[in-house]
Amino acid sequence: MANHNGLITDVDLRSHENNLAHRTREIDRERLIVRRGQPFSISLQCYVSLPPKHQLELILHLGSKDEVVIKLQKGRGAGDKWWFNQQRAQDEMLLTLHSPADAIIGQYHLAVLMMSPDGHILEKTDKLSFHLLFNPWCKDDVVYLPDESLLQEYVMNEDGIIFMGTWDNINSIPWNYGQFEDYVMDMCFEVLDKSKDALKNSEVDIKQRNDPVYVSRMVTAMINSNGDRGVLTGRWDESYTDGVAPYRWTGSVSILQQWSNAGARAVKYGQCWVFAAVACTVLRSLGIPTRLITNFSSAHDVDGNLSIDILLNERLESFDGRNKRDSTWNFHCWVESWMRREDLPKGNDGWQVLDPTPQELSDGEFCCGPCPVTAIKEGNLGVKYDAPFVFAEVNADTIYWIVQADSQRKKIRVDQASVGRNISTKSVYGDYRDDVTQQYKYSEGSNEERDVYKKAGRRVTNEITEPGQLKLSIKPSRPVLGTDFDVIVEVKNEGAREAHAQLDLVVMAVTYSSLNRGECKRQTISVTVPAHKAHKEVLRLHYDDYVGCVREHHLIRVKALLEAPGENEPIMAMANIPMSMPELLVQVPGKAVVWNQATAFISFTNPLPVPLKNGVFTVEGAGLLSATEISVKGDINPGQKVSVKVLFSPVRRGVRKLLVDFDSDRLKDVKGVATVVVYKRHIRSLN
């Protein structure tokens, strides 16, 4: 910024050098973006040397209305204050600014004042600005994480893997966090600016933005739109015609862009993994180490009694006698952020659960966390924030009841081990799964587990139930969508006499959050099982049986109820059968170079016995291209292969991921990914 009339003729914010040193070069190379607790330098071009006894003063302004004003101390000050020093070099004045490790994050406006010996302002240069972020590389910052490999994954990596499916059949989808894409950081600060606290009292809000506990809690409230101007509206009933179906998103960037471009109007629609992924983008962008977590067989405990009561009618259908009921989701996603909890007793530092999916109110807002993972493992449910709810998600009992015609309940099954299984996150070493269950809970049946349950108030059952003569199980299977397949139910007789029983089988389609989407098939059979033998009942499911009810999550649930004379209670078994999806092939041949055109070839074969209509591919990748839709012309017939070609020019070098989603009228949520290594462009010398 040049000024030809005064003593200071130009100011250089040295963005290239500073951003490289502060690991923000991926965000922007032109604007100054720095991290707190780490010095940065700017230079002043001076027309002449400073006159004797003239002084420089630096003033910082925060907020659109200058809610916070900070005068920098000249010379080294206390660690909790901003200060600067200056050094003369030729016709330049080099100023090094030092921020405290607990400085407020946000956009700062810097004014450089030339002061006379008697304290008058002789000259003012004030059209300077920079952004300050959390600094997990600074040991004095409460988000400090002393492991470079973890920092590269949980702050710097823009490509993610989200685990889904069922606890015994885990699959995954790729996700573009894109926290360093153009202006994503600005949109993340806009998320904070549009929060209820910021709109109510911006000065109080800004002054609390030095605290990652406060900031992360605001983020969980603002990612969902319940009760505020948040980013995403949730929907679980498959009516998405006025928006985008949750399964169609492949990254966070287009969601944030759509929200910001619409004047902070909520984007339609999200479900748990979308809420969590966007929160991960925002928190990583602000400099807080964050990872996405998937909890399989995740409990939603409405009444806080650490027990999930599943009510069924006599046809084994969900009993909707209450407006809001306990439930167990096949999986549920949240995020963990790393920070010291100086607001809590010792022992609560490290990973903190944050859940932006709107489920239950917390202090009057739809937010959850931050809650220390160590508090969940130790059963310390008095710790802020929302520890009882999170504890139940990974530890609740599941009790199944039959609601009889006279409205009386009959308990048919108690399951104390199925909730909170295979808790997963992406490995820092590649695109595979790390199991973090042991960070949340002690081993099943251990003394430590029993002690935690007692402390948390969950009952510990000691009674020994007399084993029954009959055992009931459903054999696991992994059918391919579009094919016929068998459901195998085994009745095993461990007694010394022949057994006669009635077996009721119900096959239904469900969503990942356990919402019933329709009955596929039902069968009642009388079975006779000789002593010490097993009977296998095979139920054949044809494509036509399930095509009318299987929805976006391609999930079949089988319930079996066995009633026999001599058995104390009916025996119930349940299994979720996820259906395998077809392969989406993505290839990027040749060598990819920054700003040079590259080509991606995408192909897909229709596996269904019916034509697919309205086919559309969505392609995106951080540093490669923004979300782009390619429509397929005409129908895709059974067995037909369709291929499309996508041209793109990478804008950033490094290892990148190209993500593809395919959707149609009958087949949705087909994903594909290709790894693209982008090389630096070499400029040839003219000589």
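Residues numbered from 1 in each chain as written. Predicted model: local features only at pLDDT ≥ 70, side-chain atom pairs only at ≥ 80, totals over all residues. Heavy atoms only, no water.

Between two cysteines, a covalent bond joining their sulfur atoms is known as a disulfide. In this structure the tally under the stated criterion is 0 disulfides. Here Cys272 stays free of any disulfide, with the sulfur of Cys333 as its closest cysteine sulfur at 4.3 Å. You can call Cys272 buried: its relative accessible area is 0%. Left without a disulfide partner, Cys280 is nearest to the cysteine sulfur of Cys188, which lies 11 Å away. (Disulfide = S-S within 2.5 Å. Buried < 20%, exposed > 50% of the residue type's maximum accessible area, 1.4 Å probe, protein only.)

Applying the stated criterion across every chain yields a total of 36 salt bridges. The residue Glu26 makes a salt bridge to Arg652 at a minimum N-O spacing of 2.7 Å. Placement of Glu26 in the loop between α1 (15–21) and β2 (33–35) and of Arg652 in the loop between β36 (641–648) and β37 (654–663) is noted, with a sequence separation of 626 residues between them. Owing to a relative accessible area of 11%, Arg652 belongs among the buried residues under this scheme. The partner of Arg209 in a salt bridge is Asp205, and the shortest N-O contact between them spans 2.6 Å. Classification of Arg209 by relative accessible area gives buried; the value is 6%. Each of Glu26, Glu158, Glu181, Arg652 and Arg656 takes part in a single network of salt bridges with overlapping partners. (Salt bridge = Lys/Arg side-chain N within 4 Å of Asp/Glu carboxyl O. Helix = DSSP H or I, 4+ residues; strand = E, 2+ residues; numbered from the N terminus.)

Here we come to the packing of aromatic side chains. Taken as a whole, this structure holds 19 aromatic pairs when the rule is applied. Relative to Tyr512, the ring of Trp329 lies with its centre 5.4 Å away and its plane at 80°, an arrangement referred to as edge-to-face. Highlighted residues: Trp329 in strand β17 (residues 327–339) and Tyr512 in the loop between β26 (499–510) and β27 (516–529), separated in sequence by 183 residues. Pair check on accessibility: Trp329 and Tyr512 agree, each one buried. Between Phe617 and Phe662 the ring centres are 5.0 Å apart and the planes differ by 50°, which places this aromatic pair in the tilted class. Linking Phe617 in strand β34 (residues 616–621) with Phe662 in strand β37, this pair joins segments that are 45 residues apart in sequence. Side by side, Phe617 and Phe662 carry an identical accessibility label, which is buried. (Phe/Tyr/Trp six-rings, centres within 6.5 Å; stacked < 30°, edge-to-face > 60°.)

Attention now goes to the UniProt feature "binding site: Ca(2+)" (unreviewed entry) in the protein. Here, UniProt's "binding site: Ca(2+)" (unreviewed entry) annotation points to Asn395, Asp397, Glu444 and Glu449. What stands out for the annotated residues spanning 55 residues is how close their C-alpha atoms remain, the widest pair being 13.6 Å apart. Looking at the secondary structure, you find Asp397 in strand β20 (residues 397–403). By relative accessible area, which is 0% here, Asp397 ends up buried. Within the secondary structure, Glu449 sits in helix α12 (residues 447–456). (UniProt positions renumbered as here; feature names shortened; annotations may be inferred.)

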